[in-house]
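Notes for the structure review
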Amino acid sequence: MDSTFIKISDIEIENSNVKTFYFDYELKSKPGQFIMLWIPGTDQKPFSVSFDNGQKFGLTIFKRGPATNKLFKMKIGDRVGINGPYGTNFTINPNLHYIMVAGGYGAAPLKFLTQTINGAAIDFIAGGRTKDNLLFEEELTKIPNLNLHITTDDGSKGYKGFVTDVLVELLAKIDPAQKDKTLVVTCGPELMQKKVLDICNEHNINCEVSIERYMKCGMGICGQCVIDDLGICMCKDGPVVNQKLANQIFEFGKYHRDKSGVIVHSQ
Ligand SMILES: Cc1cc2nc3c(=O)[nH]c(=O)nc-3n(C[C@H](O)[C@H](O)[C@H](O)COP(=O)(O)OP(=O)(O)OC[C@H]3O[C@@H](n4cnc5c(N)ncnc54)[C@H](O)[C@@H]3O)c2cc1C
């Protein structure tokens, strides 16, 4: 499939390793979906949409390896290629009470979700190793009906500990009659998400997780992101999956495959 070539219209520095790149383009994406971004001279890589208002969209990117290093050197006006949006999205229902659990750049699609569920009550748990790894604090505090709970592993901001500690506290306060009106959504490191899933199973609370796998085509053709032992593609049947499906994915929280298909155990 041919890429669409578009110019970077704005760049926001979020922290020393994370930038949000904006594009004036009608992407028509939903929170949780991703695009394949072609970065000239390197590769095509998947990134979740962190902002989309119909005329403009944004990608929040962590500087990691060759492709993202190259992107971080690009300027406003430089061109990239895009394909998508692809994949599944988080449930959008303003009548629910959302508990969002975000780790690292996993905050990107969840921040977009907060901007599409006007009026919903939201508890947003944002975690980082230190206060410098936290994202979108200022923007999140402006969302109506949103309670922001910050956690850091080192205690440099908010609660010292893990996002899952706060999740357990919040779930304990939920009126049993309101359980079916509560939805936990999570995105971030896989072991964190697995713990969120286990906690939701124990508390009998609905949840949706976002499963990241090595993706090459983004549209279910190449088979790179097929997962054990269901044989479904995470670029098409994911990245967002509901609790029932997440519970059936044997490898979730245990291992994934690298670009050569070799198993890498979760740690
Ligand atoms: C559905 C989905 C959504 C994502 N959303 C974001 C996002 O919003 N922000 C963000 O910063 N990153 C996101 N990523 C991860 C991002 O695609 C990788 O960090 C990026 O491709 C790294 O490329 P690189 O060349 O800089 O680093 P590399 O050195 O090539 O890779 C660093 C690590 O990134 C992962 N990675 C590399 N290429 C891919 C690929 N094609 N598919 C999946 N993982 C890969 C691997 O785990 C690898 O070890 C997402 C991945 C997926 C699958």
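Residues numbered from 1 in each chain as written. Predicted model: local features only at pLDDT ≥ 70, side-chain atom pairs only at ≥ 80, totals over all residues.

With respect to the domain arrangement of the protein
In terms of domains, the protein is made up of domain 1 (4–86), domain 2 (90–210) and domain 3 (211–267). A straight line from the C-alpha centre of domain 1 to that of domain 2 covers 24 Å. In this complex, domain 1 contributes 13 residues to the contact, which on the side of domain 2 involves 12 residues. Breaking the side of domain 1 that touches domain 2 down by element, the ones donating at least two residues are strand S2 (10–15), strand S5 (43–52) and strand S6 (57–62). The element best represented in the side of domain 1 that touches domain 2 is S5, accounting for 5 residues. (Domains from an automatic or database assignment. Contact = placed C-beta atoms within 7 Å. Helix = DSSP H or I, 4+ residues; strand = E, 2+ residues; numbered from the N terminus.)

Notes on the nonpolar core
One broad rule of soluble globular proteins: the nonpolar side chains tend to lie buried together. The biggest cluster of nonpolar side chains holds 66 residues, and the ones touching the most others in it are Met-100, Val-101, Ile-125, Val-185 and Val-196. Contacts of Val-196, omitting those with residues within four sequence positions, involve Val-101, Thr-164, Leu-167, Val-184, Thr-186, Cys-207 and Val-209. (Core = buried A, V, L, I, M, F, W, Y, C linked by C-beta atoms within 7 Å. Buried ≥ 20, exposed ≤ 12 C-beta atoms within 10 Å, placed from the backbone.)

A closer look at the UniProt feature "binding site: [2Fe-2S] cluster" (unreviewed entry) in the protein
Mapped onto the present numbering, the UniProt feature "binding site: [2Fe-2S] cluster" (unreviewed entry) falls on Cys-217, Cys-222, Cys-225 and Cys-235. Taking the farthest pair of C-alpha atoms as the criterion, the annotated set spanning 19 residues converges on one region, since that pair is 10.2 Å apart. You can see Cys-222 is positioned in the loop between strand S13 (206–210) and strand S14 (240–242). If sequence neighbours within four positions are ignored, Cys-222 has contacts with Lys-216 and Cys-217. Among the secondary structure elements, Cys-225 is positioned in the loop between S13 and S14. If near-sequence neighbours (up to four positions away) are discounted, Cys-225 is found in contact with Arg-213, Tyr-214, Met-215, Cys-233, Met-234 and Cys-235. (UniProt positions renumbered as here; feature names shortened; annotations may be inferred.)

Focus on the sheet that holds strand S1 (residues 4–7)
Strand order in this open sheet of 7 strands is S1-S7-S4-S5-S6-S3-S2, and the pairing throughout is antiparallel. The open sheet has two free edges, formed respectively by S1 and S2, since each of these has just one partner strand. Shown here is a sheet whose adjacent strand axes are inclined to one another by a mean of 40 degrees, direction ignored. Direction of pairing for S5 relative to S6: antiparallel, over a ladder of 3 bridges. Note that in S6 the partner of Val-49 across the bridge is Leu-59. Of the strands in this sheet, S5 and S6 are in contact with helix H2 (residues 107–114), which crosses S5 at around 30 degrees. (Pairing = 2+ DSSP bridges. Axes fitted to C-alpha atoms, helices over the stretch in contact; angles between N-to-C directions.)

Focus: the sheet that holds strand S11 (residues 159–160)
The strand order across the open sheet formed by 7 strands is S11-S10-S9-S8-S12-S13-S14, and the pairing between neighbours is mixed. Each edge of the open sheet is held by one strand with a lone partner, namely S11 and S14. In the sheet, strand S12 (residues 182–187) pairs with S13 via 4 bridges, with the strands oriented parallel. Each residue of the ladder has a partner; that of Val-184, found in S13, is Cys-207. Along the sheet, helix H5 (residues 190–203) contacts strand S8 (97–103), S12 and S13; its crossing angle with S13, the most-contacted strand, is approximately 165 degrees.

Quick notes on the packing of helix H4 (residues 163–172) against H5
The geometry of H4 relative to H5 is characterised by a closest axis approach of 10 Å and an angle of 15 degrees between their N-to-C directions. One finds that H4 runs roughly parallel with respect to H5. Where H4 crosses over H5, the two elements pack in a sense that is right-handed. Contacts between H4 and H5 involve Val-163, Thr-164, Leu-167, Val-168 and Leu-171 on the former and, on the latter, Met-192, Lys-195, Val-196, Ile-199 and His-203. Per-class residue counts for the contact of H4 with H5 are 7 nonpolar, 2 polar and 1 charged. (Parallel < 35°, antiparallel > 145°, perpendicular 65-115°, else oblique. Left-handed = near helix turned anticlockwise from the far one by under 90°. Nonpolar A, V, L, I, M, F, W, Y, C, P; charged D, E, K, R; others polar.)

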